[in-house]
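Residues per chain, in single letters:
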Protein chains: 4
Amino acid sequence: MYFGSDNQTGASSKVMEMLAKANSEYTHGYGEDPWTHQAIDNLKKLFECDIDAFFVATGTAANSLALSCLVQPWEAILCHSSAHIIVDESTAPELFTGGSRMLPIVGGEGKMTPTHLRSYFKNAGADYPHNLCAKALSITQISESGLVYSDKEVGELSRIAKQHGLSVHMDGARFANAIASQACTPAEMTWKAGVDVLCLGATKCGALGLEAVIFFNKDLSRGFAQRRKRAGHLVSKGRLFGAQMVGWLKDDHWLELATHANQQASKLSESLSSINEIELAWPVRANELFVIMPTRLVAHLQSVGAEFYEWSENTLPANINLSDGQTFVRLVTSFLTQDSQCELLIKSIANYFENPSP
Amino acid sequence: MYFGSDNQTGASSKVMEMLAKANSEYTHGYGEDPWTHQAIDNLKKLFECDIDAFFVATGTAANSLALSCLVQPWEAILCHSSAHIIVDESTAPELFTGGSRMLPIVGGEGKMTPTHLRSYFKNAGADYPHNLCAKALSITQISESGLVYSDKEVGELSRIAKQHGLSVHMDGARFANAIASQACTPAEMTWKAGVDVLCLGATKCGALGLEAVIFFNKDLSRGFAQRRKRAGHLVSKGRLFGAQMVGWLKDDHWLELATHANQQASKLSESLSSINEIELAWPVRANELFVIMPTRLVAHLQSVGAEFYEWSENTLPANINLSDGQTFVRLVTSFLTQDSQCELLIKSIANYFENPSP
Amino acid sequence: MYFGSDNQTGASSKVMEMLAKANSEYTHGYGEDPWTHQAIDNLKKLFECDIDAFFVATGTAANSLALSCLVQPWEAILCHSSAHIIVDESTAPELFTGGSRMLPIVGGEGKMTPTHLRSYFKNAGADYPHNLCAKALSITQISESGLVYSDKEVGELSRIAKQHGLSVHMDGARFANAIASQACTPAEMTWKAGVDVLCLGATKCGALGLEAVIFFNKDLSRGFAQRRKRAGHLVSKGRLFGAQMVGWLKDDHWLELATHANQQASKLSESLSSINEIELAWPVRANELFVIMPTRLVAHLQSVGAEFYEWSENTLPANINLSDGQTFVRLVTSFLTQDSQCELLIKSIANYFENPSP
Amino acid sequence: MYFGSDNQTGASSKVMEMLAKANSEYTHGYGEDPWTHQAIDNLKKLFECDIDAFFVATGTAANSLALSCLVQPWEAILCHSSAHIIVDESTAPELFTGGSRMLPIVGGEGKMTPTHLRSYFKNAGADYPHNLCAKALSITQISESGLVYSDKEVGELSRIAKQHGLSVHMDGARFANAIASQACTPAEMTWKAGVDVLCLGATKCGALGLEAVIFFNKDLSRGFAQRRKRAGHLVSKGRLFGAQMVGWLKDDHWLELATHANQQASKLSESLSSINEIELAWPVRANELFVIMPTRLVAHLQSVGAEFYEWSENTLPANINLSDGQTFVRLVTSFLTQDSQCELLIKSIANYFENPSP
């Protein structure tokens, strides 16, 4: 029962097949190959506009390289206080930006809110060059609490950001899951809502190692190729990325994968909601479940082979407090999560409550 | 006729098969998977010693991350003036080391010599903290001119370096080709000859994107895991690297691939040597040929589909000068270079001389 | 009426005389002069222990260079959320540390408290290398709200820090004012209370441009000389700093200057406290007053030539809220603040209340 | 007999008087004081054009901050192979530029020549983003060998640089000595000859610690104020620099000081030239003498109290080789060098030759 992360799978078989196909031919290096070219063309079609797109292997690289194009080393980047880029990516933003500062927007129930964002600008010092000046806003889609920003919400945050002269970055590590949960197009969720640069994650949703940095605002991509090279993120056999992306995008494969993951989470959510002793911290909108459960149940599930992570209480909504004997955990479903796994998990929980450990 | 670079192929089929096999299972992320563990164990056996090993996707990342463990930001790194790390990797060393300086050792016929290395130390300023202090030596194996340092030569350079307090790094982008051309073991070529850290490149010789940073001196690996993470080079699906390495090392596959590439270069070398109008800048020791030929022949070969790069005259030995009408080019063979390709190239050259363009 | 900052004066006349005296002779450069040597000796006596000491021109340089010796680029620095180093020194810490992160400890009434510091460690993620690991604590003495940490309080914060493996830095921009307000020695306030490195500011209290970075833990000073040089902070005519420090320390001159400044603040505080319409945000412990007053009074005082800054409401204690028509300001006294200036200020305030503007 | 460096003196008495005068008043901090404003106005008059000017304490800070405005972290800076910025300033350029690379132009007899500069461009790789692209040229005036570039020579180097898209920086640590030796104006030597930014050094020629970064091309100064702040080089009591500069520029005081230093060097040169056993490596054009003399004479002079530095043989012209028993030294005169000192030196030399040590 693998609910630890959506990075515990390999690639989907269709992605893997495309990679194998691309593997067998001679071609030029450093992204000058037909798969990379095709992948970029396909992204243009998907997003219905001209773009500059670059591929790298990890989300940390994608985010930090993208952000380094938006701010100077003496400027700041705003993001939610529990965003992956500020909590889980070491000091990668500082390395790539040459020492910009990450500033957390605290508050909101699992998402950044316009109110909290506006509050930052109201209180920010403006005594330059002593104080810092924020020049980029990063929105994590889906949020660090498994919630999805609607295109309207993205638009509202972007509008505030731009009023204050900030560019807008979207960390789309689970962008596919967000689109699968919303009734809007990739274009509506991004550039039409004011996003300047999107880090589109494929790794967590069906690829083996593939993130695309997509500049809708092409002025901002100046220097990206040089930054990627000097960071060691320009691979020589570019087909590694190009082929994965071609396979991932083909016939809406990416969206099918994300839809499957979301559906499994939704089904789990339904089952869990019916259990009194278990509480969901937030409604399940995509492929992540944040669950408060008895600590002994956690131990039981682990003993029968369920994998998942305990999660930081810091991220809980203000109105929820863990009692003694409760633990906060995260469950993640993936494109590969089988019905049988979910059923086994629910059954294991039921078993526990029928016969709880002392 | 692909003689442009050994990165113009995909992975060998055996490497690809292992990757496909590893793809289909659930496992933990971030290198905590059985393939990564197996790969590191196999490297320990290959090098006959305990090591700390880390995998990344590119040679630039491997080299720069390794070097960043050897020097402080106010210290310097010595390498041959035409080394890949000083010529072809942008300012990656500066980014990863936090601003150390790359210092070129000029001179030598295609390789760094003990004489030129000693000469650096004789002339270096020693007025600290104003002057720079070199703390790392980087040796490129095979050299940037296609030559191979014997284990004895590596040992001599290392000894000089260590007398002056420097650590020794080997850029082994084509380490496999070096071993295939020498009668020594991987251990003899590295730690037994004083190498502290090796960047072992698999990409150019049969993998799709895989470099191993191998610390023989384990004291020097402190902080590497953190450096790799903050540089965005820790992939979540670690099997991507682990599986490639397991496949590459299995049953001396890596050595077979390198041996094939070297043999094709050797055969080409033999054929070319017999042609009066063509000159080899250096003897061919591995899988690269550096060739001076009539400019019109270059044009002819390109017109019939041969791929290769013109090369910098700067790197030519002092006693060789290009005449008007001559061009300096590099030909590279790979694990995939077919006899038929080589024969076609030689035949195309013969055709040209039978009927040279006016 | 200059109450804007204690950097609005020049040097004290005794400091200036020593500088003039030192100016007239030949000597060696880069700190190899008798004044620098004498200054360091005098600091050893003052702090009653062996130290490594280095002089620079600004507090930002002193703090950032000191901190860069305490943390690696992937580690973090803790400080109070309104500390000068996190609010007013741009991204200097990031530049000098190579990209470490500044982490704010929020809460406390004008000072960092053990409770809030412990709370950080309780909630910090520990999933390395993804999460950050704090390795330095910075204490601002006197605090950003004009309060003074007693040696006992410093000791308690240090003890918590060291339990978690952090080094302790003290930003002593107004260290002299702190000592002048407490019954403890410089040694008791620093190394005896667990401080590893002190940035001792002379500029704000009688020098023209002079900060000393003093390592009590001499192991931590490794590389400082090189860091200072590469940051452009090693001056060639070292007497510029050495002479100022000799003059400043001579016959407890520094303490007299600080005592004078504190006394003037204390007298102002007394006068202001007796006025109903004026409120002090915190008790006055050194040479800064944080005052809530009618906005119209602010305008009146400025119109009659009083200089001071409006201050960020963010820093106010949680139980104090500004009403409409109130403004929060900071008044600073210096070694040069005359009785007449203070009296004029108080008189101007009295005038206003006798005849308030409509 | 102080011939070690022109930084072994204090400030000239006129500079010191202006500093003392400025010291006694209240004023605003951070460069918002009348002396700083006056100093910038006076520089505009001196250079006969509008400028952006910033003051810092050291040449290393001035040079590195200026260069950081001219290049991106993946670009390169060209300078003569023995330039102070590449030999004597640690890795300051790398720190301030975020990791650009310093590239030496080798060759020339004590100065960079158009031929050697052109040669760089001819041989530079142009395979971006792999290879480096130079974007700034730095000219040291007076050169590292004590020679002076005429305005015509500066113009020719600048023209070549600009043909290749480089900005031009002048390290004017001894700019005053250069102007004192030439028949051209400061304007003719700088912006009229294509210089974009000048680091004007006052420290070596009469100030205590003062360098001005002067942007003639004001577009390039974007971000300088922020860079200076985050590098800790914005002093709070800005008068420290402003007053020195006002005093230094007043009534051509700077030029008198430089002229005196040059004259003393010229007289020494004359005396030394008449001695057979002594050779000057280059003609003396400003205030530095590079002298080849018997090693025993060096010892003798040191024994009678003469101070000077041995110099690197690397910098000698190709046609000069040191014999056994010879040593290469540098003598520097300053604004304070007395006739009596020079006479004593010459007399000591004469004494030696009358009665040489065995």
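Worth saying up front: this structure is predicted, and the values here are computed from it rather than measured.

**Overview of the sheet that holds strand E5 (residues 167-172) of chain D**
Residues and elements named next belong to chain D.
At step 1: Pairing is mixed across the open sheet formed by seven strands, whose spatial order is E1-E7-E6-E5-E4-E2-E3. Two strands close off the open sheet at either side, each with one partner strand: strand E1 (52-56) and strand E3 (101-105). On average, each strand axis in the sheet is inclined to that of its neighbour by 20°, with strand direction left out of account.
At step 2: As paired strands, strand E2 (residues 75-80) and strand E4 (residues 133-140) are joined by four bridges and run parallel to one another. In the sheet register, Ala 76 faces E4, and the bridge partner there is Ala 134.
At step 3: Relative to the sheet, helix H2 (residues 34-47) contacts E1, strand E6 (197-201) and strand E7 (211-215), its axis offset from that of E1 by approximately 125°.

**Describing the interface of chain A and chain B**
Often, the extent of an interface is quoted as the loss of accessible area upon association of its parts.
At step 1: Taken together, the contacts link 49 residues of chain A with 49 residues of chain B.
At step 2: In this assembly, chain A packs against chain B so that about 4,300 Å² is buried in total across both faces, 56% of it on carbon and sulfur atoms.
At step 3: A per-residue breakdown of the area chain A buries against chain B is headed by Tyr 26, Arg 230 and Lys 237 of chain A, which together make up 21% of the total.
At step 4: Where chain A meets chain B, there are zero salt bridges.
At step 5: Linking chain A with chain B are 31 residue pairs in polar contact (both at pLDDT 80 or more), by the criterion used here.
At step 6: Those elements that provide at least two residues to the side of chain A that touches chain B are helix H1 (13-23), helix H3 (59-68), helix H5 (92-97), helix H10 (224-230) and helix H11 (239-249) of chain A.

**Digging into helix H13 (residues 295-303) of chain B**
Residues and elements named next belong to chain B.
At step 1: Those residues of H13 that sit buried are Leu 297, Val 298 and Leu 301. Along the axis of H13, the buried positions cluster into a sector of 105°, meaning they face one direction only.
At step 2: Of the residues one or two after H13, Gly 305 is the one with positive phi, at around 100°.

**Quick word on the relation of the copies chain A and chain B**
At step 1: Each copy superposes on the other: chain A lies on chain B with an RMSD of 0.0 Å after a rotation of 180° and an axial shift of 0.0 Å. In short, the pair behaves as if placed about a two-fold rotation axis. The rotation axis passes nearest to the C-alpha of Ala 231 of chain A in chain A, at a distance of 3.6 Å.
At step 2: Of the residues that chain A buries at the interface, 100% are likewise interface residues in chain B, meaning the two copies contact each other through the same surface.

**Re empty space enclosed by the protein**
At step 1: Summed over all chains, the structure comprises three cavities of 30 Å³ or more.
At step 2: By volume, the largest cavity is sized at about 60 Å³.
At step 3: Taken together, 14 residues form the lining of the largest cavity, with Ala 57 and His 233 of chain C together with Ala 57, Gly 232 and His 233 of chain D sitting closest to its centre.
At step 4: Of the residues belonging to the lining of the largest cavity, the class tally is eight nonpolar, six polar and no charged.
At step 5: Volume-wise, the second largest cavity comes out at about 50 Å³.
At step 6: Every residue along the wall of the second largest cavity is listed here: Leu 95 of chain A, Leu 65, Phe 96, Arg 227, Arg 230 and Ala 231 of chain B together with Trp 74 of chain C.
At step 7: Across the lining of the second largest cavity, the residue classes tally to five nonpolar, no polar and two charged.

**Thoughts on the pairing of strand E4 (residues 133-140) of chain C**
Residue and element names in this part refer to chain C.
At step 1: Most of E4 is tucked away, with six of its eight residues classed as buried.
At step 2: Note: E4 against strand E5 (residues 167-172), five bridges, orientation parallel. What sits directly across from Thr 140, in E5, is Asp 171.

**Here we look at the interface of chain A and chain C**
At step 1: Between chain A and chain C, the contact holds 22 residues from the first and 22 residues from the second.
At step 2: Of all residues in chain A, the largest losses of buried area upon contact with chain C belong to Ser 90, Thr 91 and Arg 101 of chain A, amounting jointly to 34% of the total for that side.
At step 3: Put simply, chain A and chain C have two salt bridges between them.
At step 4: Note that Arg 101 of chain A is salt-bridged to Glu 94 of chain C, the shortest N-O span being 2.7 Å.
At step 5: On the surface where chain A and chain C come into contact, there are 16 residue pairs in polar contact (both at pLDDT 80 or more).
At step 6: Elements represented by at least two residues in the side of chain A that touches chain C include exactly helix H4 (84-87), H5 and strand E3 (101-105) of chain A.

**Some details on the pattern of salt bridges**
At step 1: Enumeration according to the criterion identifies 48 salt bridges over all chains in this entry.
At step 2: One salt bridge connects Arg 174 of chain A with Asp 6 of chain A, and the closest N-O pair in it is separated by 2.7 Å. Remark: Asp 6 of chain A occurs in the segment before H1 and Arg 174 of chain A occurs in the loop between strand E5 (167-172) and helix H8 (175-181); sequence separation between them is 168 residues. By the burial criterion, Arg 174 of chain A is buried, and Asp 6 of chain A matches it.
At step 3: Of the charged contacts, one joins Lys 267 of chain B and Asp 339 of chain B as a salt bridge, the two residues approaching to 2.9 Å between their closest N and O atoms. You can see Lys 267 of chain B sitting in helix H12 (residues 253-273) and its partner Asp 339 of chain B sitting in helix H14 (residues 339-354), a full 72 residues away along the chain.
At step 4: Judged by relative accessible area, which is 41%, Lys 267 of chain B ranks as partly exposed.
At step 5: Where salt bridges share partners, they join Asp 6, Arg 174, Glu 288 and Arg 330 of chain A into one cluster.

**Regarding the side chain of His 130 of chain C**
At step 1: Counting through the fold element by element, His 130 of chain C comes out in the loop between helix H6 (114-123) and E4.
At step 2: In terms of polar contacts, His 130 of chain C uses its side chain to reach the side chain of Lys 229 of chain B, at 3.4 Å.
At step 3: Discounting residues that sit within four places of it in the chain, His 130 of chain C has contacts with Val 87, Asp 88, Glu 89 and Ser 90 of chain A together with Tyr 30, Lys 229 and Leu 234 of chain B.

**Points about the environment of Leu 220 of chain B**
Residue and element names in this part refer to chain B.
At step 1: Looking at the secondary structure, you find Leu 220 in the loop between strand E7 (211-215) and helix H10 (224-230).
At step 2: The spatial distance from the C-alpha of Leu 220 to the C-alpha of Ser 167 is 9.1 Å, given a sequence separation of 53 residues.
At step 3: With residues up to four places along the chain from it excluded, the contact list for Leu 220 reads Cys 69, Leu 70, Ser 167, Asp 196 and Phe 215.

**A short note on the sheet that holds strand E9 (residues 288-294) of chain A**
Residues and elements named next belong to chain A.
At step 1: With antiparallel pairing, the four strands of this open sheet are ordered in space as E8-E9-E11-E10. Strand pairing shows two members of the sheet lacking a second neighbour, strand E8 (279-280) and strand E10 (309-310), which therefore form its edges.
At step 2: Of the strand pairs in this sheet, E10 and strand E11 (residues 326-332) are connected by two bridges, and their pairing is antiparallel. The residue of E11 that forms the bridge with Tyr 309 is Arg 330.

**Points about the confidence of the model for chain A**
At step 1: Per-residue pLDDT for chain A has a mean of 96; in total, 99% of the residues score no lower than 70.
At step 2: For this predicted complex, the interface score ipTM comes out at 0.96, alongside a pTM of 0.96.

**Comments concerning the environment of Ser 334 of chain D**
At step 1: Mapped onto the secondary structure, Ser 334 of chain D falls in the loop between strand E11 (326-332) and helix H14 (339-354).
At step 2: With a relative accessible area of 3%, Ser 334 of chain D lands in the buried category.
At step 3: Every residue in contact with Ser 334 of chain D, bar those within four places of it in the chain, is listed here: Tyr 26 of chain C together with Asp 6, Thr 9, His 260 and Ala 261 of chain D.

Scoring rules and cut-offs
- Residues numbered from 1 in each chain as written.
- Chains lettered and ligands numbered in written order.
- Predicted model: local features only at pLDDT ≥ 70, side-chain atom pairs only at ≥ 80, totals over all residues.
- Heavy atoms only, no water.
- Pairing = 2+ DSSP bridges.
- Helix = DSSP H or I, 4+ residues; strand = E, 2+ residues; numbered from the N terminus.
- Axes fitted to C-alpha atoms, helices over the stretch in contact; angles between N-to-C directions.
- Contact = heavy atoms within 4.5 Å.
- Buried area = accessible area lost by both parts, 1.4 Å probe.
- Salt bridge = Lys/Arg side-chain N within 4 Å of Asp/Glu carboxyl O.
- Polar contact = N/O pair within 3.5 Å; in protein donor to acceptor, adjacent residues only side chain to side chain.
- Buried < 20%, exposed > 50% of the residue type's maximum accessible area, 1.4 Å probe, protein only.
- Arc of directions from axis to C-beta.
- Least-squares fit on C-alpha atoms with pLDDT ≥ 70 in both.
- 1 Å grid on protein atoms, 1.4 Å probe; cavity = no way out; pocket = protein on both sides within 12 Å on 5 of 7 lines; lining within 4 Å.
- Points joined across faces, edges and corners; volume = space filled by probe spheres on them.
- Nonpolar A, V, L, I, M, F, W, Y, C, P; charged D, E, K, R; others polar.
- pLDDT = per-residue confidence, 0-100.

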